[in-house]
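Chain by chain, the residues:
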Amino acid sequence: MAALDFALVSPPRMPSRSSLPTTLWAATAVDDRPWPRLEGSLRADVAIIGGGYTGCAAALAAAERGAKTVLVEAQQIGWGASGRSGGQVIPGLKYDPDEIDTMFGPELGPRVTAAVGGVADEVFGLVDKHGIACDAVRKGWLQPAISARTLALVERRAEQWSRRGADVAVLDRDTTAALIGSRIYRGSWIDRRAGHVQPLAYVRGLAAAASRAGATVLTRSPATALRPRDGRWRIDTPSGEIVADTVVIGTNAHTDVLWPGLSRTVVPMVSFQAATGPLPPDFGASVLPEGQCVSDTRRLLWYYRRDAGGRLVMGGRAPFRDDLGAADAVHLRAAVDRLYPQLASVPFETYWSGRVAMTKDSIPHLHELAPRLWAGLGYNGRGVGLATLFGRWLAELALGASPADIPYPITPMRPIRGYVFTRAVARGLIRYYRLRDRLEAR
Ligand SMILES: Cc1cc2nc3c(=O)[nH]c(=O)nc-3n(C[C@H](O)[C@H](O)[C@H](O)COP(=O)(O)OP(=O)(O)OC[C@H]3O[C@@H](n4cnc5c(N)ncnc54)[C@H](O)[C@@H]3O)c2cc1C
């Protein structure tokens, strides 16, 4: 069975180099600490694999609860999606609250909605508590509608959150145009709980806070084997080993063959971003003047915002390659030209991409893979908030919390059947969605 697992898995290529990719965030974040590599043997109550939001939030929560905590990251803190994301902190799942009630039932549904609706409080609470310098802005998130159909959808969404007491509102066409600085949308809803952070600075801040709380943070230390030993877990890296009572895996779209089958529970998709230089006031004064972040209702959504330096950061779906560059930014350029014709002469200066982990059911997953071995992954592009929350939950579970105390289902790991075909299916869907979006947004 294990051999079959490995034959079917197409594990992500883990580059041998440990430097961060060239991104706007690497150029503008506070410097990282020079974290050591694992050398020799360590003993831990909780060992954490992966140094993104999931792993770093888990390490912080575990260390704050007094556990001897060790985190190993294969590359650098924030090397994965966490250091490359759009930094938009968006409450909720892909599903609306009424749908969540139906999916999870009358007891668990409202608890799930309250928890995932609280992710921005979780993120901005950690930023405040630990003094994380990450250009945090909490002025809300806009989801503008590209069509009459999607306007009805966002109105329903806002009504459902409003009924549950969230600070949200439906905005008409003119108000939406004034906040975005573009008249291409029919209207929108604003979720005022939301905001944005400099994503790499945020994850570095979580790692630093975890270290101050007593966690040992190790980089350039890929876990190459994970196996039970004498009632505990043993993690091997090329230059050392950790023996831990409990292990948390937070490797998301970079999940490799460490735990057979886990990588086949998510489909890694590529998301691509490009940033201009700081917009000159005569071009930029009307572009998102109040500092909200945006992701629209396209099936292949456009997500964008200004950064602390006044640049426009534009993101969208891209080809399935890890080495995207300027030549691949045609769709992103077309998006900017459509939204902001006045920026026609303002070029993109930086390009970068990263991997988003999608799941078949479009919700993230929490698993107990084996006794005292926990994993959280599959944030479907909403990981800034959700992975931070899941990291805390994973730490609580690792330290003995009852699954009943976690307001989210803990499910058995279910590798996607026919996994080898998922890329081909996803490619076809992307072409189809692009066409549907184009027709709908006319
Ligand atoms: C371009 C882009 C834009 C995005 N924009 C947004 C956004 O605006 N808002 C939002 O909410 N979400 C966004 N996302 C999604 C979000 O970034 C992710 O959901 C989130 O970062 C996942 O965090 P993580 O810690 O689980 O995984 P990651 O940050 O990917 O971290 C996993 C880490 O595990 C490490 N690893 C893997 N295998 C091993 C091993 N064997 N041993 C040790 N370490 C290992 C990897 O090196 C990696 O650093 C975006 C993603 C991308 C790529």
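Note that the structure is predicted; figures quoted are calculated from it, not measured.

Conventions used here
- Residues numbered from 1 in each chain as written.
- Predicted model: local features only at pLDDT ≥ 70, side-chain atom pairs only at ≥ 80, totals over all residues.
- Heavy atoms only, no water.
- Pairing = 2+ DSSP bridges.
- Helix = DSSP H or I, 4+ residues; strand = E, 2+ residues; numbered from the N terminus.
- Axes fitted to C-alpha atoms, helices over the stretch in contact; angles between N-to-C directions.
- Salt bridge = Lys/Arg side-chain N within 4 Å of Asp/Glu carboxyl O.
- Buried < 20%, exposed > 50% of the residue type's maximum accessible area, 1.4 Å probe, protein only.
- Contact = heavy atoms within 4.5 Å.
- Parallel < 35°, antiparallel > 145°, perpendicular 65-115°, else oblique.
- Left-handed = near helix turned anticlockwise from the far one by under 90°.
- Nonpolar A, V, L, I, M, F, W, Y, C, P; charged D, E, K, R; others polar.
- Near = heavy atom within 4 Å.
- Polar contact = N/O pair within 3.5 Å; in protein donor to acceptor, adjacent residues only side chain to side chain.
- pLDDT = per-residue confidence, 0-100.
- 1 Å grid on protein atoms, 1.4 Å probe; cavity = no way out; pocket = protein on both sides within 12 Å on 5 of 7 lines; lining within 4 Å.
- Points joined across faces, edges and corners; volume = space filled by probe spheres on them.
- Patch = residues over 30% accessible without salt bridge, like charges linked within 9 Å, V, L, I, M, F, W, Y side chains within 5 Å.
- Areas by Shrake-Rupley, 256 points an atom, 1.4 Å probe, with all protein chains shown as cover.
- Core = buried A, V, L, I, M, F, W, Y, C linked by side-chain atoms within 4.5 Å.
- Phe/Tyr/Trp six-rings, centres within 6.5 Å; stacked < 30°, edge-to-face > 60°.

A. Up close: the sheet that holds strand E14 (residues 303-306). The sheet built from 8 strands is open, its strands ordered E5-E6-E4-E13-E14-E15-E12-E16 with mixed pairing. What marks the edges here is a single partner per strand, and that holds for strand E5 (168-171) and strand E16 (348-358). Mean inter-strand twist for the sheet, computed between neighbouring axes without regard to direction, equals 20 degrees. In this sheet, strand E6 (residues 188-191) lies alongside strand E4 (residues 141-144) in antiparallel orientation, the contact comprising 4 bridges. If you follow Leu142 over to E6, its bridge partner there is Ile190.

B. Structural view of the pattern of salt bridges. Per the counting criterion, the structure on display carries 26 salt bridges. One salt bridge in this structure joins Glu64 and Lys129, with 3.0 Å as the shortest N-O distance. Pair noted here: Glu64 is in helix H3 (residues 53-64) and Lys129 is in helix H5 (residues 119-130), with a separation of 65 residues, a long-range link. A salt bridge links Asp337 to Arg333, with the shortest nitrogen-to-oxygen separation between them at 3.2 Å. Here Asp337 and its partner Arg333 are both found in helix H10 (residues 330-339), 4 residues apart, which amounts to about one turn of the helix. By relative accessible area, Asp337 is classed as partly exposed at 36%. Connected through shared salt-bridge partners, Asp98, Asp101, Glu159, Arg163 and Arg164 make up one network.

C. The environment of Ala29, seen in detail. The topology assignment puts Ala29 in the loop between helix H2 (24-28) and strand E1 (40-49). In this structure Ala29 comes out as buried when scored by relative accessible area, which is 12%. Apart from residues no more than four positions distant in its own chain, Ala29 is found in contact with Gln198, Leu200, Ala201 and Arg204.

D. Expanded view of the packing of H3 against helix H11 (residues 383-398). Their axes nearest at 7 Å, the elements H3 and H11 cross at an angle of 40 degrees. Considering their axes alone, H3 and H11 lie oblique with respect to each other. Classified by chirality, the crossing of H11 by H3 is right-handed. Note on element contacts: H11 touches H3 through Gly383, Val384, Ala387, Thr388, Gly391, Arg392, Leu394 and Ala395, opposite Tyr53, Thr54, Ala57, Ala58, Ala61 and Ala62. In the contact of H3 with H11, the residues fall into 9 nonpolar, 4 polar and 1 charged.

E. Spatial organisation of the site of the ligand. For the ligand, the set of nearby residues contains 38 residues, the closest of which are Thr54, Glu73, Ser82, Gly86 and Gln88. Taking Gly80, its main chain carries an N or O atom lying 3.2 Å from an oxygen atom of the ligand. Here the shell around the ligand takes 3 residues from E16, the largest share from any one element. Residue composition of the shell around the ligand, by class: 13 nonpolar, 20 polar and 5 charged.

F. A look at the confidence of the model for the protein. Per-residue pLDDT for the protein has a mean of 92; in total, 96% of the residues score no lower than 70. Considering only residues more than four positions removed or in separate chains, one finds that residues 1-17, a stretch of pLDDT under 50, has 24 contacts.

G. Focus on empty space enclosed by the protein. Taken as a whole and assessed by the stated rule, the structure comprises 4 cavities of 30 Å³ or more. If you add up the space inside the largest cavity, you get close to 40 Å³. Lining the largest cavity are Phe272, Arg317, Ala318, Pro319, Asp328, Ala329, Val330, His331 and Leu332. Residue contributions to the lining of the largest cavity peak at 3 residues, all from H10. Residues of the lining of the largest cavity, tallied by class, amount to 6 nonpolar, 1 polar and 2 charged.

H. Inspection of a nonpolar patch on the surface at higher detail. A surface patch of nonpolar side chains, amounting to about 490 Å² of accessible area, comprises Val420, Phe421, Val425, Leu429 and Tyr432. With respect to the helices and strands, Tyr432 occurs in helix H12 (residues 422-440).

I. Summary view of the packing of H3 against helix H8 (residues 199-212). Running from amino to carboxyl end, H3 crosses H8 at an angle of 25 degrees, the nearest separation of the two axes being 8 Å. In terms of orientation, H3 lies roughly parallel with respect to H8. Of the two possible hands of crossing, H3 and H8 adopt the one that is left-handed. Along its contact with H3, which presents Tyr53, Cys56, Ala57, Ala59, Leu60 and Ala63, the element H8 presents Pro199, Tyr202, Val203, Leu206, Ala207, Ala209 and Ala210. Class assignment of the residues belonging to the contact of H3 with H8 gives a composition of 13 nonpolar, no polar and no charged.

J. Structural detail: the nonpolar core. Within the largest apolar cluster, 65 residues are counted, with the highest numbers of intra-cluster contacts made by Tyr202 and Leu206. Listing elements by their share of this core, those giving two or more residues are H2, E1, H3, helix H4 (97-117), H5, H8 and H11. In terms of residue count, H11 provides more of this core than any other element does, 10 residues in total. Beyond its immediate stretch of four places on either side in the chain, Leu206 contacts Tyr53, Cys56, Ala57, Leu60, Leu126 and Ile132. With 32 residues, the next largest nonpolar core counts Ala169, Ala274, Leu279 and Leu332 among its residues.

K. Geometry of the pairing of E14. Burial along E14 is two-sided: Tyr303 and Arg305 and Tyr304 and Arg306, pointing in opposite directions, are all buried. Two elements, strand E13 (residues 293-295) and E14, share 2 bridges in a ladder whose sense is antiparallel. By the bridge assignment for E14, Ser295 is matched with Tyr303. Inspection of the sheet shows E14 paired to strand E15 (residues 311-317) by 4 bridges, in the antiparallel sense.

L. A look at the packing of aromatic side chains. Summed over the entire model, instances satisfying the criterion amount to 12 aromatic pairs. Considering the side-chain rings of Phe272 and Tyr351, the 6.4 Å spacing of their centres and the 20 degrees angle between planes classify their relative orientation as stacked. One end of the pair, Phe272, is in strand E12 (residues 267-278); the other, Tyr351, is in strand E16, with 79 residues separating them in the sequence. Classification of Tyr351 by relative accessible area gives partly exposed; the value is 25%. Between Tyr304 and Tyr340, the ring centres sit 6.4 Å apart and the planes meet at 85 degrees, which makes this aromatic pair edge-to-face. With a gap of 36 residues between them, Tyr304 in strand E14 and Tyr340 in the loop between H10 and E16 connect regions that are remote in the sequence.

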